[in-house]
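Descriptive structure summary
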Amino acid sequence: MTTRPRIGVVGAGAWGTALATVATQAGNHVVLWTRETDVVAEMATHGTNARYLPGVKLDKNIHPTSDLADLDNVEAILIVTPAQTIRAVVRMLAENLKKSVPLVLCAKGIERESGQFMHEVARGEWPEAPLAVLSGPSFADDVVRGLPTAVTLASEDEALAQKLALQLSSGSFRIYHSEDVRSVEIGGAAKNVFAIACGAVMGRGLGESAKAALMARSFAELMRFASAYGGRPQTLMGLSGFGDMVLTCSTAHSRNFAFGERLGKGASLEEASGGKLTEGVFTASVLVQMAQEKNIDMPIAQTIDAVLQSRLTLDEAVDVLMNRPLKREV
Ligand SMILES: NC(=O)C1=CN([C@@H]2O[C@H](COP(=O)(O)OP(=O)(O)OC[C@H]3O[C@@H](n4cnc5c(N)ncnc54)[C@H](OP(=O)(O)O)[C@@H]3O)[C@@H](O)[C@H]2O)C=CC1
Ligand SMILES: O=C(CO)COP(=O)(O)O
């Protein structure tokens with residue numbers, strides 16, 4: 001290897017592979033770790049990851065591995081596995097790497113068991129590791145093809161956020177930096193729940209007006225939740241709040257939206273995921289529980305959670321939402 005900086009990526013799913021690609025375009029060597037030895041073999045031999053990003057040729061500066069020792073001496077590690085696995089993954093890194101290294105948490109969700117945000121989970125498992133979170137409107141398929149987008153990278157250590165943003169930005173992947181970790185995490189986690197609701201409305205044939213109204217009222221819920229949990233409105237008006245809501249609540253390209261759309265068309269909860277990761281399903285109940293703990297009114301999140309728990313049908317959920325007492329908008 002030359003003297004290019006080395007970035008580690010843990011998780012070679014759709015987003016991990018896309019971020020590895022971006023990082024090479026930004027001028028880094030990337031060590032891409034996955035527990036799947038057959039995926040490593042395919043990436044090393046054919047330069048493809050057919051299961052998660054079919055049709056994409058990987059950059060030669062991506063070095064696939066399933067050996068954790070290859071992550072020693074990287075400058076930062078992007079952790080790109082599902083939200084509910086972050087505790088186990090960070091623990092595994094803490095136990096196996098020689099020294100602590102900045103971790104960039106890329107999952108969008110809240111841990112169900114603990115009600116902790118991703119950086120709280122990571123801090124509990126590896127207190128010495130500097131932390132950052134990355135979130136914003138970014139479909140892996142778009143990003144890996146070099147289509148432009150912008151996202152936010154936040155760390156309580158703003159100098160670290162700025163350094164990482166510079167190191168990982170490319171001509172098509174523009175990273176803004178922030179120190180508002182809490183808001184960036186809330187935006188990424190909550191939008192998945194509301195995307196399921198928006199998908200369900202479209203699948204049920206309730207129309208674009210209904211979807212726009214639902215999206216706007218969902219954003220009001222997101223803002224209420226965030227302000228009760230220490231988020232800042234200005235950040236939530238940005239890429240990881242408003243930006244990702246607009247993206248994920250608009251198109252069946254989103255797995256969460258597509259899940260809701262299938263539910264709306266009559267699929268069972270089991271059928272609706274299509275075998276794909278749907279983070280909103282895992283986050284809905286913990287989001288609602290956390291809202292209740294602080295008396296935050298979140299009727300849309302509550303009704304979609306009730307649908308996911310089979311306590312309401314979709315038509316009953318629509319009735320509940322439409323027949324709430326009328327009130328001031330703000
Ligand atoms: N896809 C996207 O466009 C975007 C996704 N995200 C977020 O990124 C996160 C990951 O999503 P995405 O990449 O799409 O998901 P995928 O389902 O495509 O990939 C998940 C990856 O995580 C690995 N993994 C799962 N569990 C574990 C574990 N316990 N230990 C180690 N590795 C594990 C999987 O490996 P295996 O095959 O072995 O299970 C796989 O490589 C989610 O939180 C998502 O919301 C954020 C922005 C965009
Ligand atoms: O977070 C994403 C886009 O920003 C990806 O959304 P889905 O997980 O719903 O596909």
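Each chain has its residues counted from 1, running along the sequence as written. Chain A is the first chain written and ligand 1 is the first ligand written, with later ones labelled in order. Thresholds applied to this predicted model are a pLDDT of at least 70 for local features of residues and 80 or more for the giving and counting of side-chain atom pairs; totals over whole chains, interfaces and linings are not thresholded and use all residues. Heavy atoms from the whole structure form the basis of all side-chain values; hydrogens and water molecules are not counted.

Remarks on the UniProt feature "binding site: NADPH" (unreviewed entry) in the chain
The criterion, for reference: UniProt positions are given in the numbering used here, feature names are shortened, and annotations may be inferred rather than shown by experiment. Per the convention used, a helix needs a DSSP run of H or I reaching at least four residues, while a strand needs a run of E reaching at least two, with both numbered from the N terminus. Each residue is assigned to one of three classes by its accessible area relative to the maximum for its type, calculated with a 1.4 Å probe on protein chains only: buried under 20%, partly exposed between the two thresholds, exposed over 50%. Residue contacts follow a heavy-atom distance rule, with two residues in contact if any of their heavy atoms lie within 4.5 Å.
Under the local residue numbering, the UniProt record ascribes the feature "binding site: NADPH" (unreviewed entry) to W15, R35, Y52, K108, A140, R255, L277 and E279. For the annotated residues, spread through 265 residues, the largest C-alpha to C-alpha distance comes to 23.1 Å, inconsistent with a single compact locus. Along the chain, K108 falls in the loop between strand 5 (103–105) and helix 4 (118–125). Here K108 falls in the buried class, since its relative accessible area comes to 14%. Aside from chain neighbours lying at most four places away, what touches K108 is A83, S135, G136, S138, G188, A189, K191, N192, D244 and E279. Along the chain, L277 turns up in the loop between helix 12 (269–272) and helix 13 (279–293).

With respect to the site of ligand 1
What counts, and what does not: Whether a residue is near a molecule or strand depends on its heavy atoms: if one lies within 4 Å, it is near. In protein, a polar contact requires one atom able to donate a hydrogen and another able to accept it; more generally it is a pair of N or O atoms within 3.5 Å, and residues adjacent in sequence count only if both atoms are side-chain atoms. Each accessible area is a Shrake-Rupley estimate made with a 1.4 Å probe; only the visible protein chains count as cover when residues are assessed. Three classes are used, and their members are as follows: Ala, Val, Leu, Ile, Met, Phe, Trp, Tyr, Cys and Pro are nonpolar, Asp, Glu, Lys and Arg are charged, and the others, Gly among them, are polar.
Taken together, 22 residues are adjacent to ligand 1, and E36, Y52, A140, R255 and E279 come closest. Taking R35, its side chain carries an N or O atom lying 2.8 Å from an oxygen atom of ligand 1. Between an oxygen atom of ligand 1 and a side-chain N or O atom of R51, the distance comes to 3.2 Å. Protein coverage of the free-state accessible area of ligand 1, which is 890 Å², stands at 87%. For the shell around ligand 1, the class distribution of residues is twelve nonpolar, four polar and six charged.

Here we look at the sheet that holds strand 6 (residues 131–135)
Put simply, the test is: Whether two strands pair comes down to DSSP finding at least two bridges between them. All axes here are fitted lines through C-alpha atoms, helices being fitted over the stretch that makes contact, and every angle between N-to-C directions spans 0 to 180 degrees.
The strand order across the open sheet built from eight strands is 3-2-1-4-5-6-7-8, with neighbouring strands paired in mixed fashion. For this open sheet the edge positions go to strand 3 (62–65) and strand 8 (173–178), each flanked by a neighbour on one side alone. Adjacent strand axes in the sheet meet at a mean angle of 25 degrees when their direction is disregarded. With three bridges joining them, strand 6 and strand 7 (residues 149–154) adopt antiparallel strand pairing. Bridged to S135 within strand 7 is T152. Packing against the sheet, helix 6 (residues 158–168) makes contact with strand 1 (6–10), strand 4 (76–79), strand 5, strand 6, strand 7 and strand 8, and its axis sits at approximately 175 degrees to strand 8.

Digging into the site of ligand 2
Taken together, the neighbourhood of ligand 2 is formed by K108, G136, P137, S138, F139, K191, D244, L247, T248, S254, R255 and N256. Within the contact set of ligand 2, an oxygen atom lies 3.0 Å away from a backbone nitrogen or oxygen of S138. Coverage of ligand 2 by the protein chains reaches 92% of its 310 Å² of free accessible surface. Looking at the shell around ligand 2, the elements with two or more residues in it are helix 10 (239–248) and helix 11 (255–264). Examining the composition of the shell around ligand 2, we find that three residues originate from one element, helix 10, more than from any other. Split by residue class, the shell around ligand 2 holds three nonpolar, five polar and four charged.

Quick word on the confidence of the model for the chain
Put simply, the rule reads: Residue-level confidence of the predictor, termed pLDDT, takes values from 0 up to 100.
Summarising the model, the chain shows a mean pLDDT of 96, and 99% of its residues fall at 70 or more. The lowest-confidence element of the chain is helix 15 (residues 314–322), averaging 92 in pLDDT; the highest-confidence one is strand 5, averaging 99. For this predicted complex, the interface score ipTM comes out at 0.99, while the overall pTM is 0.98.

Some words on the pairing of strand 4
Note the following rule: A right-handed crossover is one whose linking path, passing over the helix from the first strand to the second, runs clockwise when the strands point away from the viewer.
Of the two faces of strand 4, both are covered, the one formed by A76 and L78 as well as the one formed by I77 and I79. Taken together, the three bridges between strand 4 and strand 5 define a ladder with parallel strand orientation. Among the inter-strand pairings, I79 is bridged to a residue of strand 5, identified as L105. Crossover connection from strand 4 via helix 3 (residues 86–96) to parallel strand 5: handedness right-handed.

What to know about the nonpolar core
What counts, and what does not: For this analysis, a nonpolar core means a set of buried residues of the types Ala, Val, Leu, Ile, Met, Phe, Trp, Tyr and Cys, connected via side-chain atoms within 4.5 Å.
Counting residues in each nonpolar core, the largest one holds 42 residues, and the members touching the most others are F194, F225, L287 and M298. No other element matches the eleven residues that helix 7 (residues 181–203) contributes to this core. Among all residues touching L287, those that are not within four sequence positions of it are I110, A190, V193, F225, M298 and A301. With 37 residues, the next largest nonpolar core counts A23, A140, V151 and L168 among its residues.

Considering the UniProt feature "active site" (unreviewed entry) in the chain
The sites that UniProt annotates as "active site" (unreviewed entry) are K191. Leaving out residues up to four positions away in the same chain, K191 has contacts with K108, L222, D244, M245, T248 and C249.

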